[in-house]
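Summary of the model geometry
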Amino acid sequence: MSRKNLSKLDAPKHITNYEKKLEDNDFIISKTDTRGKIIYCNEIFTDMSGYDAADLIGANHNLIRHPDMPKIAFKIVWDLIQQQKEFFGFVKNLRKDGDYYWVFASITADLDDKGNIISYTSVRRKPPQSAIDIITPVYKLLVDAEKSGGIDSSKKLLSDFLAEKETTYEELVTALQLGAK
Ligand SMILES: Cc1cc2nc3c(=O)[nH]c(=O)nc-3n(C[C@H](O)[C@H](O)[C@H](O)COP(=O)(O)O)c2cc1C
């Protein structure tokens with residue numbers, strides 16, 4: 001019998017305010033095809049997301065997309081990885097039971113011997129609480145901007161925020177992961 005591939009349409013509608021924290025030495029790993037369909041995940045991914053591996057394999061990675069994540073964050077992801085550049089960033093993910101967990105994610109393209117992208121790999125670890133405390137209100141502003149003015153509005157807000165702090169997206173996330181306050 002064929003099995004339905006899950007996506008964000010199958011995500012829980014009841015979202016809680018309960019956070020599940022990653023352990024200090026845990027790494028969540030997944031691999032997707034070129035369109036973002038999961039082709040591999042490790043056991044910590046299943047523990048943290050609350051889904052069985054059988055549900056995750058074949059699912060669109062947006063299955064665990066949290067509504068508190070701004071669209072612009074994923075635009076940055078795809079723009080970078082399709083250019084074979086590494087993405088680093090903070091991602092709030094939605095568990096199957098409606099709880100959430102924060103990660104510091106790296107996403108990169110996997111290339112064949114001709115340099116073509118064949119898949120993508122993401123490795124995530126625990127972010128410091130100081131980073132989550134800074135990123136949470138920034139993401140809220142971006143999500144609110146997107147609700148009224150779409151992604152153009154959050155893009156402008158983000159670039160104004162970075163200009164005001166005299167930093168770049170990469171510098172900011174690296175500093176936050178190192179514990180800058
Ligand atoms: C390797 C890889 C890992 C990803 N990991 C996540 C993730 O953990 N959480 C998430 O929400 N999106 C992740 N994404 C991005 C999703 O593919 C998708 O762009 C995002 O969930 C937004 O989906 P939507 O535009 O359909 O709402 C990942 C993408 C790739 C290529």
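Everything that follows concerns the structure shown earlier in this document.
Residues numbered from 1 in each chain as written. Predicted model: local features only at pLDDT ≥ 70, side-chain atom pairs only at ≥ 80, totals over all residues. Heavy atoms only, no water.

Considering helix α3 (residues 71-82)
Rule in force here: Counting from the N terminus, the helices are DSSP H or I runs at least four residues long and the strands are E runs at least two residues long. Expected span of a helix: the number of residues minus one, times 1.5 Å. Burial here depends on accessible area, computed with a 1.4 Å probe over protein chains only, as a share of the maximum for the residue type. Under 20% is buried, over 50% is exposed, and the range in between is partly exposed. This arc describes the spread of directions from the helix axis toward the C-beta atoms. Whether two residues are in contact is decided by their heavy atoms: any pair within 4.5 Å suffices.
Between its first and last C-alpha, α3 extends 17 Å over 12 residues, near the 16 Å set by a 1.5 Å rise per residue. Along α3, the residues classified as buried are Ile 72, Ala 73, Ile 76, Val 77, Leu 80 and Ile 81. Along the long axis of α3, the arc covered by the buried residues comes to 160 degrees, so they all point the same way. Among the structural elements, β3 (87-94), β4 (100-111), β5 (117-125), α4 (129-164) and α5 (169-177) are those in contact with the buried residues of α3. Among the residues trailing α3, Gln 84 stands out with phi positive, at a value near 65 degrees.

Points about the pairing of strand β1 (residues 28-32)
Taken residue by residue, a regular strand's side chains alternate between the two faces of the sheet. Spelled out, the test is: Paired strands, as defined in this entry, are two strands with at least two bridges between them according to DSSP.
Covered by surrounding structure in β1 are Ile 28, Ser 30 and Thr 32 only, the residues Ile 29 and Lys 31 on the alternate face being uncovered. As defined by bridge partners, β1 adjoins β5 across five bridges and the pair is classed as antiparallel. Bridge pairing in β5 links Ser 30 to Ser 122. In this sheet, strand β2 (residues 38-41) lies alongside β1 in antiparallel orientation, the contact comprising three bridges. Across the sheet, Thr 32 pairs through a bridge with Ile 38, a residue of β2. Two successive antiparallel strands, β1 and β2, enclose a turn made up of five residues, where Gly 36 displays a positive phi of approximately 95 degrees.

Regarding the packing of aromatic side chains
How we decide: When two rings of Phe, Tyr or Trp (its six-membered ring) have centres within 6.5 Å they constitute a pair, described as stacked for plane angles under 30 degrees, edge-to-face for angles over 60, and tilted for the intermediate range. Two thresholds decide whether a charge sits over a ring: the Lys NZ or Arg CZ must be within 6 Å of the ring centre and within 35 degrees of the ring normal.
Under the counting rule described, the total for this entry stands at five aromatic pairs. Ring centres of Phe 87 and Tyr 169 lie 6.2 Å apart, and the angle between their planes is 25 degrees; on these two criteria the pair is classed as stacked. On the criterion of sequence distance, the pair formed by Phe 87 in strand β3 and Tyr 169 in helix α5 is long-range, its members being 82 residues apart. In this structure, Phe 87 and Tyr 169 share a single accessibility class: buried. Taken together, a centroid distance of 6.0 Å and an interplanar angle of 10 degrees make the contact between Phe 88 and Phe 104 stacked. On the criterion of sequence distance, the pair formed by Phe 88 in strand β3 and Phe 104 in strand β4 is long-range, its members being 16 residues apart. Its relative accessible area of 32% is what places Phe 88 among the partly exposed residues. Under the relative-accessibility criterion, Phe 104 is labelled buried at 7%. In this structure, Lys 92 is placed above the aromatic ring of Tyr 100, and the distance from its NZ or CZ to the ring centre is 4.2 Å.

A word on the site of the ligand
Quick note on the threshold: It suffices for a single heavy atom of a residue to lie within 4 Å of a molecule or strand for the residue to be listed as near it. Throughout this description, a polar contact denotes any pair of N or O atoms lying within 3.5 Å of each other; where both atoms belong to protein, one of them has to be capable of donating a hydrogen while the other can accept it, and for residues adjacent in sequence the pair is counted only when both atoms sit in side chains. Only the protein chains shown count as cover for residues, with accessible areas throughout obtained via the Shrake-Rupley method and a probe of 1.4 Å. Gly is placed with the polar residues, together with every amino acid not listed as nonpolar (Ala, Val, Leu, Ile, Met, Phe, Trp, Tyr, Cys and Pro) or charged (Asp, Glu, Lys and Arg).
The local shell around the ligand holds 15 residues, among which Lys 8, Asn 62, Arg 65, Trp 78 and Asn 93 are the closest. Between the ligand and Arg 65, the relevant distance is 2.9 Å, taken from an oxygen atom to a side-chain nitrogen or oxygen of the residue. Between the ligand and Asn 93, the relevant distance is 2.7 Å, taken from a nitrogen atom to a side-chain nitrogen or oxygen of the residue. Protein burial of the ligand: of its 610 Å² of free accessible surface, 87% is covered by the chains. Where the shell around the ligand is concerned, the elements lending two or more residues are α3, β3 and β5. The residue makeup of the shell around the ligand, split by class, is seven nonpolar, five polar and three charged.

The quantities given are spatial measurements derived from coordinates; they are silent on function.
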